[in-house]
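Overview (structure and organization)
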Amino acid sequence: MATLLYTIIGMTASASLNCAVRREISPCTCSPHGFFANTIEVKCEQMESFHQVVDALQDRFTPDYNIWLTISHSQLLDLASQSFYEMNMNIKTLKMNYDNLSQLPVATFQNLPRLEYFSASENRLEEIPADMFQHMPNVGTLDFAKGNLRFINGNTFKSLQNLRHLIVASNLLQRIDADTMPRTLISLHYGHNNLTTLNGTLRHLDELKLLFANDNQLTSLDDELPLASPNLMTIFAQNNRIDHLPVEIKYLKNLDSLFIHGNRLKSFDGLLARSSQLTKLVAFDNEINHLRRDEFAEAERLEDLQLAENKLTNLNGSLQNMKGLIIANFSYNLLNEFSLQEVTGLRKLRILDLSHNKIEKLTGRMENLVDSGSIIYELRLQHNLLKSLDGTLMGLNNLKILNVAHNMLETITPDDLIGMENLEHLDVSFNKLNTLEELSKTFLPSLQSVNASYNLLTTMDKDFHGLPVLCTADLSNNMIRVLSVDLVSQTRCSNHGVPNKLEIFLQENPVLCDESLPELVSQMESFHTRLIGIAHCIVPQQIPIDSPIFMQPPIPLLKPLLQPQIPMVPAPVMIQQPSIVQILVPAPMMVQPPAYADAAAGMLQPIPSVQGIQDLQQPPIASPPQIAHIPQQQPYDELKYDAQPEPAAESETLAPPPEENDIAKIITPTTTTMKTILEFKNIIHDTYSAIPPEVLPMPLDKAQGIATEPEEPPETQQDQSVNDDELEH
């Protein structure tokens, strides 16, 4: 063994030395083959002519070396002027790619008796000369892919008695003469052409194992496949116009994989019932509307079944004999009911996809939890019409991923999730759930994430008590107004045994606009929980005016209340991004006519302009109450909340809030209150600093020292006509 190893190393070293001292082959290059001994790879790229190639390589290598020659990205307009025979070397592999070839001169390729691999792909060839291969008797692989071939005549490959692999994919083929292909072929690639028929070219290919006929315009495979071939294992016939399977397919005893998707099949017609060696069937995007009960009677080795995007309304017990089934995809069909009895006994089934159907009801509850035989770890039921799970999932004890999003679920009961001790991810988003309280009655010791966004949740109290290791909870886009600290009191996030923080996403929930939010954030932090979200909180305003006009909301007047001074932070220290941001939004302004203002003693009128002052001097005219809605035109002011801060230094002072009388001078006619609502946006900040400064959480109406600088809103033309002195007087 050692002697053989030294011999191979010696041959490789010899080949390397041979290349190292042959600078005269420039601009071509060479290197020893990394696997085959006594073999040299020679590359000639961007050559100006074929004469340059011959001149560089002629008599440069002895016949003892096997040469793998590649000529690419070159201009070979003089290809017919010389031949490869003149190079006087043992060419085993010849690749001529990206050379813009439109024809192959026969004389150029004469006397290549040892050539085993020839590729002329990525050119502009329109035909293959009939006598091209008379002097290449040992060619085993031909590659003419990605050209402009339109037909192949019957004599083209007649002299190739050792041809094993033929690739003519991605051409413009419209016709192939009968009896064109040598009987020795093992793999044949007709894909990506314009063929409407295979013209019986496969009938005699008993050695064929791999067939590519995909992406053509075939309407039928009748009388095309090798009859009772013992070797054909894989057929690629996808993306054609085939509307039925050929009868010959049931005689292919060793058929392993069938790709027939993107066609017009309406049924399998029971032709796959005896396919005992079939392991993969891909038939999505067809028109299959029915499965026989014995459709796969002997397909016990079938592992991957892809029947999505068809017109199935039921499975009719057709899966019962697929003891080896691992993946089953029935998404995008017309199933309106599904019984779990369809998969009972399929002990290897891992993924069951029933999404994007019209399932209104699940049936077939697995009563025997011990002998259910199910080890499904992912069940996809999203985008259906389920209103309840009815406890039918009982028995799926190995389930790890359950997706029932985009249904019409109104409640989840403890029976729906009972026994799912391995469940890790639960998605119930986009339903009609108004509570998750039932989760507290079910113990899910492995659940790491739950997505309950886009539901009707209003209160979260003890809902997570049965989820001891929960790490992510998406509760965004609900109506949550009450969030109790007791929610997370019995939960501690754990990733593979390592403690971490539970993250709760609360975008678009009223609770983020509550005045007690800072206290809630602090309490949640003590339970290793982080609340995350962006809230747009409405600030409604009401002023009386003498006519129902539209006015710019006096948002600048809120500035003294909402613009505390930011604590000084040393420049080198990075501020940790907040997990919750509140953005104040001006609400439509409530406007009342002056007749009702007279009834309220001491109420002042707004002074939007000089013209407005003159209008106030006129006697009021009684009129019914009117409400004018003011369109939002102001940029948002932001208030950010995060965790409990460190005590501020004694030397640091905050700007005092404005005096009460000063505020009255400016905004006497406006009353400002905080309302819950609006829009949140999911943000997760992973950046942090070594010593992050923290900001003291406070209610909005008492915020001091915690807000970023709010932007100045653009003033209206009406506001600009009044200066500060006029407002004061």
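Residues numbered from 1 in each chain as written. Predicted model: local features only at pLDDT ≥ 70, side-chain atom pairs only at ≥ 80, totals over all residues. Heavy atoms only, no water.

1. Brief notes about unusual backbone geometry
The omega torsion across S26 and P27 is 10°, close enough to zero to call that bond cis. Structurally, P27 can be placed in the loop between α1 (2–20) and β1 (29–32). Backbone geometry at D59 places phi at a positive 60°, although glycine is not the residue there. Turning to its location among the elements, D59 is positioned in the loop between α2 (50–57) and β3 (66–72). The phi dihedral of H496 is positive, around 55°, even though this residue is not glycine. Looking at where H496 falls in the secondary structure, it is placed in the loop between β27 (494–495) and β28 (498–499). (Helix = DSSP H or I, 4+ residues; strand = E, 2+ residues; numbered from the N terminus.)

2. A closer look at α2
Every buried residue of α2 is accounted for by F50, V53, V54, A56 and L57. Buried residues in α2, looked at end-on, bunch into an arc of 165°, giving them a common side. Taken together, the buried residues of α2 touch β2 (39–45) and β3. Positive phi shows up at D59, right after α2, with a value of about 60°. (Buried < 20%, exposed > 50% of the residue type's maximum accessible area, 1.4 Å probe, protein only. Arc of directions from axis to C-beta. Contact = heavy atoms within 4.5 Å.)

3. Some thoughts on helix α4 (residues 517–526)
Looking at α4, one finds that the buried residues are L517, P518, L520, V521 and M524. One face of α4 carries all of its buried residues, which in axial projection span an arc of 160°. Opposite its buried face, α4 presents the exposed residues E519 and S526, each directed more than 90 degrees away.

4. Quick notes on the pairing of β1
Both β1 and β2 contribute to a ladder of four bridges, which runs antiparallel. Opposite T29, over in β2, you have K43 as the bridge partner. Between β1 and β2, which pair antiparallel in sequence order, lie six residues; one of them, N38, sits at a positive phi of approximately 60°. (Pairing = 2+ DSSP bridges.)

5. With respect to the pattern of salt bridges
The full count for this structure, using the stated rule, is 10 salt bridges. The salt bridge partner of E116 is K92, with a shortest N-O separation of 3.2 Å. Linking E116 in the loop between β4 (90–97) and β5 (117–119) with K92 in strand β4, this pair joins segments that are 24 residues apart in sequence. Here the residues in one salt-bridge network are D353, E378 and R380, joined through shared partners. (Salt bridge = Lys/Arg side-chain N within 4 Å of Asp/Glu carboxyl O.)

6. Observations regarding the environment of E45
Locating E45 in the fold gives a position in strand β2. In this structure E45 comes out as partly exposed when scored by relative accessible area, which is 46%. In contact with E45, other than residues within four places in its own chain, are S72 and S74.

7. Let's talk about a nonpolar patch on the surface
The grouping of L227, V247 and Y251 at the surface amounts to a nonpolar patch, some 280 Å² of accessible area in total. For L227, the location among the structural elements is in the loop between β11 (210–212) and β12 (234–236). (Patch = residues over 30% accessible without salt bridge, like charges linked within 9 Å, V, L, I, M, F, W, Y side chains within 5 Å. Areas by Shrake-Rupley, 256 points an atom, 1.4 Å probe, with all protein chains shown as cover.)

8. Points about the state of the cysteines
For the structure shown, the criterion picks out two disulfides. Here C28 is linked by a disulfide to C44, with a sulfur-sulfur distance of 2.0 Å. Between C28 and C44, the disulfide has an S-S torsion of 115° and is therefore right-handed. Taken together, the residues C28 in the loop between α1 and β1 and C44 in strand β2 connect sequence positions 16 residues apart. Residue C471 pairs covalently with C493 via a disulfide, S to S 2.0 Å. Across the disulfide from C471 to C493, rotation about the S-S bond amounts to roughly 95°, and the bridge is consequently right-handed. On the criterion of sequence distance, the pair formed by C471 in the loop between β24 (459–460) and β25 (472–474) and C493 in the loop between β26 (482–483) and β27 is long-range, its members being 22 residues apart. Judged on exposure class, the residue C471 and its partner C493 are both buried. (Disulfide = S-S within 2.5 Å.)

9. Observations concerning the environment of N162
Along the chain, N162 falls in the loop between β7 (151–152) and β8 (165–167). Taking the C-alpha atoms as reference, N162 lies 8.8 Å from T141; in sequence the two are 21 residues apart. Those residues in contact with N162 that sit more than four places away from it in its chain are P137, N138, V139, G140 and T184.

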